[in-house]
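Residue-level listing of the chains:
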Amino acid sequence: MQTPTNLLVEQRGAAAMTRRALTLWSSLVGVVTALVTLATAQVLSAALGGVGDPLLAVGSLLVDLAPPELKTLVIDLFSTGDKLFLFLSIAVVLLALSVIVGVLQLRKPPLGLLVLVGVGAVALLAVVTRAGVTPLSPLPILGGLATGILLLRVLIGRLSAWRDARQPIGLQAPGTRNWAEPQHPASIERRRFLVLALVAGISAAVVGSAARTMSAASSAVTAVRKAILLPAAVAPAPELAVTSTLDVAGISPFVTPTADFYRIDTALQVPAVDPTTWKLRITGMVEQEIEIGFDELLALPLEEHYVTLACVSNEVGGNLIGNALWRGYPIRELLARARPTAGADMVLSTSIDGFTASTPLSILTDADTAALLAVGMNGALLPLDHGFPVRMVVPGLFGYVSATKWVVELKVTTFAKDMGYWTSRGWSAKGPVKLSSRIDTPLDGSTQKAGRLAIAGVAWAQHTGISRVEVRVDDGAWQEATLANRVTPDAWLQWSYDWAATSGMHRVTVRAVDSNGRTQTAAEAPPAPDGSTGVHGISVRVS
Ligand SMILES: Nc1nc2c(c(=O)[nH]1)N[C@H]1C(S)=C(S)[C@@H](COP(=O)(O)O)O[C@H]1N2
Ligand SMILES: [Mo]
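Residues numbered from 1 in each chain as written. Chains lettered and ligands numbered in written order. Predicted model: local features only at pLDDT ≥ 70, side-chain atom pairs only at ≥ 80, totals over all residues. Heavy atoms only, no water.

Participant: Kindly report on the packing of aromatic side chains, identifying the contributing residues and their values.
Facilitator: The full count for this structure, using the stated rule, is 13 aromatic pairs. Ring plane angle 35° and centroid distance 5.8 Å describe the contact between Trp162 and Phe193, whose orientation is recorded as tilted. Linking Trp162 in helix H6 (residues 138-166) with Phe193 in helix H8 (residues 186-213), this pair joins segments that are 31 residues apart in sequence. Here Phe355 and Tyr421 contribute two aromatic rings whose centre-to-centre distance is 5.7 Å and whose plane-to-plane angle is 35°, an arrangement assigned as tilted. Residue Phe355 is found in the loop between strand E5 (346-351) and strand E6 (356-360), and its partner Tyr421 is found in the loop between strand E10 (407-413) and strand E11 (436-441); the two are separated by 66 residues along the sequence. Neither residue differs from the other here; Phe355 and Tyr421 are each classed as buried. Each member of the aromatic cluster is reached from another via a ring pair, and the members are Phe355, Tyr400, Tyr421, Trp422 and Trp427. Directly above the aromatic system of Tyr421 lies the positively charged group of Arg425, at a separation of 3.7 Å from the ring centroid. (Phe/Tyr/Trp six-rings, centres within 6.5 Å; stacked < 30°, edge-to-face > 60°. Helix = DSSP H or I, 4+ residues; strand = E, 2+ residues; numbered from the N terminus. Buried < 20%, exposed > 50% of the residue type's maximum accessible area, 1.4 Å probe, protein only. Lys NZ or Arg CZ within 6 Å of the ring centre and 35° of its normal.)

Okay, here's the thing in structure tokens:
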């Protein structure tokens, strides 16, 4: 038998524990609600072939909205881990929001529900404003929200029942809810709450992440890609002579292996483009609009060219540059069919994911520029992340104004009327690649033995060609490096300098001279708005 005093003590104890515990348990309710909402949306999205993924939509909306300075900072800090960083940030924000949803819904219903619906509305907005939105796109987030709302109400109901079951009935005022409703013992209410919360949370985590990883769309496209035979080039690139490459340990190979080729794009998930339905349309200021499918493109006489691709974000000495053998069809031939009208000076290329690039029409129609609608890279079909099935490659221009991956439209227009993705974010409308050079070996900060030491790297003056590369040790005179035989002015050139290294700390610098006699500037400029300048230097300790 409990005495009244005992009862009071017990009640105070229960109430104190309840406040702290309630915050914790209602936070859990919020997190479980968020997990279930997302998992339901994820499963629905996967079932619909990848449309309307709310996480992706919010992520890519953030990418598009992020101020350019922030984006450069994040890319600088995290290199290509920038996408992981974005998802982790979203996860942290979602975690905080879901805690708020749970706690509010318990303390001040229906505020938690309203926050949940508000967050869902933002996700819905993101989904319907993305490129490639379909009438089905809103379904995953709507389905997720409906499930989430239902679960939130049930879980908060069970949590309240557990809380109320702790209150000794005898001390409640007659006529309150608890008085009127039949009570289970606290242990039963607790179990009812915990079992549902845990089962819902764990199954959402398992099912949701499974749905995320098994992207049905990309595995289907991967299978289709495997079955396609890349036709040989009618006009192949020249055979590489032995003298076209230098054999120095640590130098960048003349052709960057595809697996090592840098990747830069705004796509949080690599677009899975089905080549059987892919089409390229040439629109805008043309006499004849054109549409071409993948099979038709492959049936055309393909050419092959070595072209170095560089990112405008590449710092002096950086590695956002690579050289590949691209196979494709000249864009000028397709433009000739479409017959651009007078006054047009730009082609706005659009990717299936909404990315756009502005390329001067004159460069794309120039008979001496190998601007390609590329289907092959280093002898194989384009990998999915480098633009499968079709991308643009234009020698001499930074990727952001020329190298549209997963390209679906070329709109002939003017620079006055239209703007590419990065130009509307403060980068230059035109982006010719700047004359530059890089030391690959020895590594900056390394220790070397005194004696003969090869300093080597690559230099590029796209479309013009390199005529000289010079190396300087400390404050000495600029010394001429040995060059590989030039394959094409559109590709980088390997160089090497034989240094008689003496012990001590040394600073080694490189600069290039192009075929017009222009010397690479030492004036330092950051990547924004149209590419970095300066000379690359390394420090080595010679012992
Ligand atoms: N669809 C799409 N194409 C794109 C981009 C992009 O974000 N989306 N980025 C461009 C940029 S900035 C560069 S440097 C090159 C990089 O091509 P890569 O990833 O094959 O090296 O792709 C270009 N094409
Ligand atoms: Mo780029």
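Participant: Break down unusual backbone geometry for me, citing the residues and quoting the values.
Facilitator: With omega at 5°, the peptide bond leading from Phe388 into Pro389 counts as cis. In this structure, Pro389 sits in the loop between strand E8 (380-381) and strand E9 (391-393). The omega angle of the peptide bond from Thr441 to Pro442 is 0°, so this bond is cis rather than trans. By secondary structure assignment, the location of Pro442 is in the loop between E11 and strand E12 (447-448). For Trp406, which is not glycine, the phi torsion reads 50° and is therefore positive. Here Trp406 shows up in the loop between E9 and E10. Look at Trp406 and you get buried, because its relative accessible area is 3%. Even without being glycine, His463 reaches a positive phi, approximately 75°. We classify His463 as partly exposed; its relative accessible area is 34%.

Participant: Before we move on, could you go through the sheet that holds strand E13 (residues 451-460) and cite the residues and values that matter?
Facilitator: An order of E11-E13-E17-E16 is seen for the four strands of this open sheet, with the pairing classed as antiparallel. Of all strands in the sheet, those with a lone pairing partner are E11 and strand E16 (482-483), marking the two edges. Looking at chain direction, E16 and strand E17 (residues 493-501) are connected through two bridges and run antiparallel. Paired with Thr482 across the bridge in E17 is Ser496. (Pairing = 2+ DSSP bridges.)

Participant: Provide a residue-level description of the confidence of the model for the protein chain, including the pertinent values.
Facilitator: In low-pLDDT regions, the fine details of the predicted coordinates are not to be read closely. When pLDDT is averaged across the protein chain, the result is 90; 91% of the residues are at 70 or more. When the criterion is pLDDT under 50, residues 1-17 qualifies, and its contacts beyond four places in sequence or with other chains add up to ten contacts. (pLDDT = per-residue confidence, 0-100. Contact = heavy atoms within 4.5 Å.)

Participant: Outline the packing of helix H2 (residues 54-65) against helix H5 (residues 111-129), listing residues and values.
Facilitator: Angle between the axes and distance between the axes: these two values describe a pair of packed helices. Remark: H2 packs on H5, axes separated minimally by 8 Å, with the N-to-C direction vectors making an angle of 80°. Between H2 and H5, the interaxial angle falls into the category roughly perpendicular. Side by side, H2 and H5 meet where Pro54, Ala57, Val58 and Leu61 of the first sit next to Ala123, Ala126, Val127 and Thr129 of the second. (Axes fitted to C-alpha atoms, helices over the stretch in contact; angles between N-to-C directions. Parallel < 35°, antiparallel > 145°, perpendicular 65-115°, else oblique.)

Participant: Could you give me a rundown of the site of ligand 1, with the residues and numbers involved?
Facilitator: The local shell around ligand 1 holds 19 residues, among which Tyr262, Thr266, His386, Arg391 and Lys405 are the closest. In this structure, an oxygen atom belonging to ligand 1 sits 3.0 Å away from a main-chain N or O atom of Ile264. Ser351 places a polar side-chain atom, nitrogen or oxygen, 3.0 Å from a nitrogen atom of ligand 1. For ligand 1, whose accessible area on its own is 530 Å², the fraction buried by protein is 99%. For the shell around ligand 1, the class distribution of residues is nine nonpolar, five polar and five charged. (Near = heavy atom within 4 Å. Polar contact = N/O pair within 3.5 Å; in protein donor to acceptor, adjacent residues only side chain to side chain. Areas by Shrake-Rupley, 256 points an atom, 1.4 Å probe, with all protein chains shown as cover. Nonpolar A, V, L, I, M, F, W, Y, C, P; charged D, E, K, R; others polar.)

Participant: Help me get a handle on the nonpolar core, residues and values and all.
Facilitator: Core analysis: the biggest nonpolar cluster contains 80 residues, and Leu280, Ile282, Leu297, Trp326, Leu373 and Val412 have the highest contact counts within it. By size, the runner-up hydrophobic cluster in this structure holds 23 residues, among which are Trp499, Val510, Val540 and Val542. (Core = buried A, V, L, I, M, F, W, Y, C linked by side-chain atoms within 4.5 Å.)

Participant: Before we move on, could you go through the environment of Pro253 and cite the residues and values that matter?
Facilitator: Tracing the sequence through the fold places Pro253 in the loop between helix H9 (216-226) and strand E1 (279-284). Along the backbone, Pro253 and Ala121 are 132 residues apart, and their C-alpha atoms lie at a distance of 50 Å.

Participant: Give a description of the pairing of strand E3 (residues 303-310) that names residues and reports values.
Facilitator: Side chains on a regular strand alternate between the two faces of the sheet. With seven of eight residues buried, E3 is to be regarded as a mostly interior element. One ladder, built from eight bridges, connects E3 with strand E4 (residues 321-330); its direction is antiparallel. Residue Ala310 lies in a different strand from E4, and its bridge partner there is Ile321.

Participant: Talk me through the sheet that holds E5; I want residue IDs and the actual numbers.
Facilitator: Strand order in the open sheet formed by five strands is E2-E1-E10-E5-E6, with mixed pairing between adjacent strands. The open sheet has two free edges, formed respectively by strand E2 (290-293) and E6, since each of these has just one partner strand. Ignoring which end each strand starts from, the neighbouring axes of this sheet average 20° apart. Here four bridges tie E1 to E2, and the two strands are oriented antiparallel to one another. Note that in E2 the partner of Leu280 across the bridge is Ile292.

Participant: Can you tell me about the side chain of Gln105, naming the residues and giving the values?
Facilitator: Its place among the elements puts Gln105 in helix H4 (residues 82-107). Among residues more than four places away in sequence, those in contact with Gln105 are Pro110, Leu111, Gly112, Leu113, Leu152 and Ile156.

Participant: Give me the packing of H2 against H4: which residues, what numbers.
Facilitator: Where H2 contacts H4, the axes come no closer than 11 Å and their chain directions differ by 110°. Between H2 and H4, the angle falls in the class roughly perpendicular. Crossing handedness for the pair H2 and H4: right-handed. Where H2 abuts H4, its residues Leu55, Leu56, Gly59, Leu62 and Val63 lie against Leu86, Phe87, Ile90 and Leu94. A breakdown of the residues in the contact of H2 with H4 according to their chemical character gives eight nonpolar, one polar and no charged. (Left-handed = near helix turned anticlockwise from the far one by under 90°.)

Participant: How would you sum up a negative patch on the surface? Please name residues and give values.
Facilitator: A surface patch of negative charge is lined by Glu289, Glu291, Asp295 and Glu296. If you trace the backbone, Glu296 turns up in helix H10 (residues 294-299). (Patch = residues over 30% accessible without salt bridge, like charges linked within 9 Å, V, L, I, M, F, W, Y side chains within 5 Å. Salt bridge = Lys/Arg side-chain N within 4 Å of Asp/Glu carboxyl O. Lys, Arg positive; Asp, Glu negative; His and termini not counted. Charge placed at Lys NZ, Arg CZ, Asp CG, Glu CD.)

Participant: Mind laying out the pattern of salt bridges, listing which residues take part and the relevant values?
Facilitator: Tallied over the full model, the rule gives 16 salt bridges. For Asp265, the salt bridge identified is with Lys405, shortest N-O distance 2.8 Å. Of this pair, Asp265 sits in the loop between H9 and E1 while Lys405 sits in the loop between E9 and E10, and the two are 140 residues apart along the sequence. Of the two residues, Asp265 and Lys405, neither departs from the other in class, the shared state being buried. By sharing partners, the salt bridges in this structure join Arg468, Glu470, Glu480 and Arg511 into a single network.

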